[in-house]
Amino acid sequence: MSTPLQAATSQVVEEFSLSTETLRAIAAEFVVEAQRGLRLPGQSMPMLPSYVTSVPTGEEKGVFLAVDLGGTNLRVCSVHLDGNGKFKIVASKSPLTKKLMTGTAEGLFSFIAEQVRDFLAKHIDERFAEEQPHAGSTGHYFKLGFTFSFPVVQTGINSGTLLRWTKGFDIPDAIGPDVCELLQEQLDKLKLPVHVAALVNDTVGTLLTRAYTSAGNGSTIAGIILGTGTNCAYVEDRAAVTKLGDPTPADRDIMIINIEWGSFNNNNTVLTRTPIDDAVDAETPNKGVHIFEKRVSGMFLGEIIRLLLLDLSAKGLIFCQPSHELLTPWTLDTSFLSAVESDTSVDLSTIESTVSSSLGLPTTLAERESIQQLVKIIGKRSAYLAAAIIVGLLTQTKALDKYPTVDIGMDGSVFQLYPGYASMIRDGLRILLGKDASRVTIGLAEDGSGVGAALCALVA
Ligand code: ADP
Ligand code: MG
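A quick note: this is a predicted structure, and the numbers were derived from the prediction, not measured.

A. How the structure looks around the packing of helix α1 (residues 4–16) against helix α10 (residues 298–314). Two elements in contact, α1 and α10, have axes whose closest approach is 11 Å; the angle formed by their N-to-C orientations is 145 degrees. Between α1 and α10 lies a crossing whose hand is right-handed. Each of L5, A8, V12 and F16 in α1 lies in contact with α10, whose residues at this interface are I304, L308 and L312. For the contact of α1 with α10, the class distribution of residues is seven nonpolar, no polar and no charged.

B. Fine view of the pattern of salt bridges. Considering all chains together, one arrives at 15 salt bridges under this definition. Residue K189 pairs with E106 through a salt bridge whose shortest N-O separation is 3.5 Å. Linking K189 in helix α6 (residues 179–189) with E106 in helix α4 (residues 105–123), this pair joins segments that are 83 residues apart in sequence. Overall, the relative accessible area of 52% leaves K189 in the exposed class. We classify E106 as partly exposed; its relative accessible area is 45%. The residue R306 makes a salt bridge to E303 at a minimum N-O spacing of 2.8 Å. With R306 and E303 both in helix α10 and three residues apart, the pair spans about one turn of that helix. Across the pair, E303 and R306 agree in class, each one buried. Bridged by salt links that share partners, the residues D277, R295 and R381 form one connected network.

C. Structural context of the packing of aromatic side chains. On inspection of all chains with the given rule, the structure shows 13 aromatic pairs. Ring geometry for F109 versus F146: centroids 6.4 Å apart, planes at 80 degrees, classification edge-to-face. Here F109, found in helix α4, pairs with F146, found in strand β5 (residues 142–148); they are 37 residues apart in sequence, far enough to count as distant. Exposure remark for F109: the relative accessible area of 1% places this residue in the buried category.

D. Expanded view of the nonpolar core. Residues W261, Y421, I425 and L429 are the most contacted members of the largest nonpolar core, which totals 85 residues. Per-element accounting of this core gives the leading share, 16 residues, to helix α14 (residues 365–397). The contact partners of W261, leaving out residues within four places of it in the chain, are F30, M45, I224, T230, N231, C232, F292, I389 and I390. Within the second largest apolar cluster, 38 residues are counted, among which are V67, L74, F150 and L192.

E. Broad picture of the confidence of the model for the chain. Of the residues in the chain, 96% reach a pLDDT of 70 or more, and the chain-wide mean stands at 92. This stretch, residues 128–138, has a pLDDT under 50; its non-local contacts, to residues over four places away or in other chains, come to 19 contacts.

F. Expanded view of helix α13 (residues 349–359). Those residues of α13 lying buried are I351, T354, V355 and L359. The arc that holds every buried residue of α13, seen down its axis, measures 95 degrees, which confines them to one face. Looking at the buried positions of α13, the neighbouring elements they touch are α10, α11 (324–327), α12 (334–342) and α14. Downstream of α13 by a residue or two, G360 has a phi angle that is positive, lying close to 65 degrees.

G. Broad picture of the side chain of R210. Here R210 is to be found in helix α7 (residues 202–213). Relative accessible area serves as the criterion here: at 16%, R210 is assigned to the buried category. Contact partners of R210, with chain neighbours within four places excluded, come to T220, D407, I408, G409, I442, G443, L444 and A445.

Here is what the cut-offs are and how they apply
Residues numbered from 1 in each chain as written. Chains lettered and ligands numbered in written order. Predicted model: local features only at pLDDT ≥ 70, side-chain atom pairs only at ≥ 80, totals over all residues. Heavy atoms only, no water. Axes fitted to C-alpha atoms, helices over the stretch in contact; angles between N-to-C directions. Helix = DSSP H or I, 4+ residues; strand = E, 2+ residues; numbered from the N terminus. Left-handed = near helix turned anticlockwise from the far one by under 90°. Contact = heavy atoms within 4.5 Å. Nonpolar A, V, L, I, M, F, W, Y, C, P; charged D, E, K, R; others polar. Salt bridge = Lys/Arg side-chain N within 4 Å of Asp/Glu carboxyl O. Buried < 20%, exposed > 50% of the residue type's maximum accessible area, 1.4 Å probe, protein only. Phe/Tyr/Trp six-rings, centres within 6.5 Å; stacked < 30°, edge-to-face > 60°. Core = buried A, V, L, I, M, F, W, Y, C linked by side-chain atoms within 4.5 Å. pLDDT = per-residue confidence, 0-100. Arc of directions from axis to C-beta.

Structural data, given as structure tokens:
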């Protein structure tokens with residue numbers, strides 16, 4: 001006889017489970033939406049050309065600057081590419097204040113330029129101090145790659161305009177102008193010997209870094225982020241990007257595409273949908289869009305478990321006295337799920353302390369068992385959705401027909417820190433691909449935003 005809590009838990013597990021048929025439908029629908037986005041501008045999954053038209057061989061060399069404007073920090077670094085897939089990185093980090101994130105374009109970009117100036121003064125040798133070459137002189141210039149992971153329509157490798165801000169940024173006068181020009185203007189004001197050579201999405205950086213560090217095995221086809229959000233860039237045939245017109249003789253054979261796959265299947269034709277998914281969506285500012293991302297990425301998994309627990313609590317099945325934390329949206333981070341998932345102790349003592357510290361609630365063993373089952377199915381659904389969309393990408397690229405092994409670079413805290421996430425992706429791949437799954441290698445692309453930006457600046 002199962003208890004009411006066990007029965008309710010099993011029901012949620014059932015709702016969140018994805019059948020093989022659903023996984024196959026997702027892979028197939030991905031191909032349809034990808035091809036639509038390659039053909040037509042302005043689609044919900046936009047398939048944005050990055051204007052990066054080659055993949056590193058690992059032999060690239062040189063010193064480059066990189067700026068990574070992330071959600072919480074600004075990173076400035078110099079990247080020394082040594083060839084043979086090796087690199088050295090020197091980085092400095094400064095926090096972004098709310099004032100910078102919601103002020104003016106000039107405020108933000110002059111701050112970035114000042115950080116670049118301070119970095120050069122501190123880390124780049126006498127050459128900088130001696131020459132003091134200024135913009136416009138014929139002196140030495142550093143090429144800078146600018147990692148800017150917001151939705152941008154690019155018109156060239158170092159030009160693009162912002163579609164909208166995300167991740168808590170809101171600087172109205174930065175929407176419209178070319179973001180590279182905004183940065184270059186401020187660098188020039190400080191007379192810095194720096195040229196903004198490339199505008200880089202973090203997924204593109206991940207792809208290039210992985211290709212560089214796997215030193216030219218030639219089969220790295222994609223870079224995927226599984227962090228706050230989820231997205232992917234991949235290597236497409238230029239001729240398939242028909243919305244750019246027919247290739248001219250000046251065009252290269254390939255074009256790296258920033259898929260923006262967070263908005264895959266916004267109309268929910270193949271993604272399954274539970275009442276909790278709708279409740280999470282209702283709490284977001286971009287309601288009804290980025291549906292795929294809201295099932296998969298780090299920003300949302302904590303909120304899914306909070307709402308599930310709140311629902312069970314309201315039904316009197318768990319936590320008869322909900323805490324203030326349980327009632328507060330977005331209190332739980334995906335690290336909560338990681339801690340719960342990892343507990344293998346007999347009395348689930350890690351879960352006991354995690355729930356106590358995050359939610360301020362005591363638990364019984366039976367409650368902890370339920371919480372772990374719920375967390376496991378949320379994590380598994382996320383990884384299986386990632387696997388299914390990867391299989392769609394393999395179909396679109398025909399990569400398994402082209403290469404003996406296909407390589408994919410990954411970055412982001414969910415991929416890196418969620419226990420067993422990589423092996424769950426592998427399980428999903430095996431369900432859909434059978435033994436061919438063993439021909440797909442997936443691995444971390446470390447320092448992707450810095451090295452990737454440097455590689456972009458190099459090919460620019
Ligand atoms: P970003 O995507 O902003 O570059 P990250 O890759 O670090 O940054 O991802 C941040 C996300 O990772 C957050 O949404 C957070 O919930 C999640 N996260 C943080 N710690 C962990 C952890 N231990 N396990 C799984 N996810 C985590
Ligand atoms: Mg990141």
